[in-house]
Amino acid sequence: DAMVIQNPRYQVTQFGKPVTLSCSQTLNHNVMYWYQQKSSQAPKLLFHYYDKDFNNEADTPDNFQSRRPNTSFCFLDIRSPGLGDAAMYLCATSREDGGTYEQYFGPGTRLTVT
Amino acid sequence: GENVEQHPSTLSVQEGDSAVIKCTYSDSASNYFPWYKQELGKRPQLIIDIRSNVGEKKDQRIAVTLNKTAKHFSLHITETQPEDSAVYFCAATYSWGKLQFGAGTQVVVTP
């Protein structure tokens, strides 16, 4: 089945220790997104790739970086995690369909910072 | 950018009753409005969506209405069941498919 996969599902890191979260997709969608979702809040867009073009949201901290080496994979790098970065990180993909973009979400990675 | 307001923040209904969640958006260029259901610890799941050229869409017990002039859209769940209990998010797209979510509505269906 075509899908969006995230690894790991649960990640524990220490304060200040870099961490990388992974997303892959078999949908062949050209757009990929990273969201941060904290408890009892809506998902918040961090950045997205439209094909190879990287688009950062204005309020995304510099501590968060992303890489997309090919269509199928996208990575979220947190260079120096703080306690406030503990959250669920959701990857999503989409493609244009008649001027609209239906997003497909992965299962998420739950990040804990100790 | 887009701004989406969602009300109410919590909604308690008796099983079998209807639930209505309302959202407003600010960007008149938005053309796609999905609704997501999210259970605790799980991913947002698309339950229904509507495009700007349609005023109403129905899928079994779920319906969505869109008023482009007023920039309002609403989710209607009829004959609610305990498994409908979850957080529901409305969203509006802007700028090449980016989603702006509403703050969410915690729906509790009591037997």
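Scroll up to find the structure.
What counts and how
- Residues numbered from 1 in each chain as written.
- Chains lettered and ligands numbered in written order.
- Predicted model: local features only at pLDDT ≥ 70, side-chain atom pairs only at ≥ 80, totals over all residues.
- Heavy atoms only, no water.
- Helix = DSSP H or I, 4+ residues; strand = E, 2+ residues; numbered from the N terminus.
- Rg over C-alpha atoms; globule rule 2.2 N^0.38 Å.
- Buried < 20%, exposed > 50% of the residue type's maximum accessible area, 1.4 Å probe, protein only.
- Contact = heavy atoms within 4.5 Å.
- Areas by Shrake-Rupley, 256 points an atom, 1.4 Å probe, with all protein chains shown as cover.
- Pairing = 2+ DSSP bridges.
- Axes fitted to C-alpha atoms, helices over the stretch in contact; angles between N-to-C directions.
- Polar contact = N/O pair within 3.5 Å; in protein donor to acceptor, adjacent residues only side chain to side chain.
- Buried area = accessible area lost by both parts, 1.4 Å probe.
- Salt bridge = Lys/Arg side-chain N within 4 Å of Asp/Glu carboxyl O.
- Nonpolar A, V, L, I, M, F, W, Y, C, P; charged D, E, K, R; others polar.
- Phe/Tyr/Trp six-rings, centres within 6.5 Å; stacked < 30°, edge-to-face > 60°.

## Some words on the overall build of chain A
And step 1. Tallying secondary structure elements over chain A gives zero helices and 13 strands in all.
And step 2. Traced from its N-terminal end to its C-terminal end, chain A shows the element sequence β-β-β-β-β-β-β-β-β-β-β-β-β.
And step 3. Here the C-alpha atoms of chain A give a radius of gyration of 14 Å, agreeing with the 13 Å that 2.2 N^0.38 yields for 114 residues.
And step 4. Relative to its full complement of 114 residues, chain A shows a buried share of 49%.
And step 5. In chain A, the share of contacts with a sequence separation of at least 24, taken over all contacts with a separation of at least 6, comes to 56%.
And step 6. Taken as a whole, chain A presents about 5,500 Å² of accessible surface, with 48% of it coming from carbon and sulfur.

## A few points about the sheet that holds strand 3 (residues 19-25) of chain A
All names here are of chain A.
And step 1. In space, the four strands of this open sheet follow the order 1-3-8-7, with antiparallel pairing throughout. Both edges of this open sheet fall to strand 1 (4-7) and strand 7 (64-67), since each of them pairs with a single strand only. When strand polarity is set aside, the average angle formed by the axes of neighbouring strands in this sheet is 20°.
And step 2. When strand 7 meets strand 8 (residues 73-78), the two strands line up antiparallel, connected through four bridges. Looking across to strand 8, one finds that Ser-66 is bridged to Leu-76.

## Topic: the side chain of Thr105(B)
Residues and elements named next belong to chain B.
And step 1. Tracing the backbone through its elements, the reader meets Thr-105 in strand 11 (residues 105-110).
And step 2. Accessibility expressed as a relative area gives 0% for Thr-105, which makes it buried.
And step 3. A distance of 2.5 Å separates the side chain of Thr-105 from the backbone oxygen of Pro-8, its partner in a polar contact.
And step 4. With near-sequence residues (within four places) excluded, Thr-105 lies in contact with Gln-6, His-7, Pro-8, Ser-9, Thr-10, Leu-11, Ile-21, Ala-86, Val-87 and Tyr-88.

## A look at the interface of chain A and chain B
And step 1. Residue-level contacts link 24 residues of chain A with 20 residues of chain B.
And step 2. Buried area between chain A and chain B, summed over both chains or domains, comes out near 1,800 Å², and the portion from carbon and sulfur atoms is 54%.
And step 3. Area buried by chain A at its contact with chain B is led by Thr100(A), Tyr101(A) and Phe105(A), which between them contribute 29% of it.
And step 4. Close ionic contact of Lys98(B) with Glu57(A) constitutes a salt bridge, the shortest N to O distance being 2.8 Å.
And step 5. Split by residue class, the side of chain A that touches chain B holds twelve nonpolar, eight polar and four charged.

## Structural notes on the packing of aromatic side chains
And step 1. Counted under the stated rule, the structure contains 16 aromatic pairs over all chains.
And step 2. On the numbers, 5.2 Å between centres and 55° between planes, the contact of Tyr49(A) with Phe54(A) is tilted.
And step 3. What makes Tyr49(A) buried here is its relative accessible area of 7%.
And step 4. Classification of Phe54(A) as partly exposed rests on a relative accessible area of 37%.
And step 5. Ring centres of Tyr25(B) and Phe33(B) lie 4.7 Å apart, and the angle between their planes is 45°; on these two criteria the pair is classed as tilted. Phe33(B) shares its class with Tyr25(B); the two are buried.
And step 6. An aromatic cluster of at least three residues, connected via ring pairs, comprises Tyr33(A), Tyr35(A), Phe105(A), Tyr36(B), Phe89(B) and Phe101(B).

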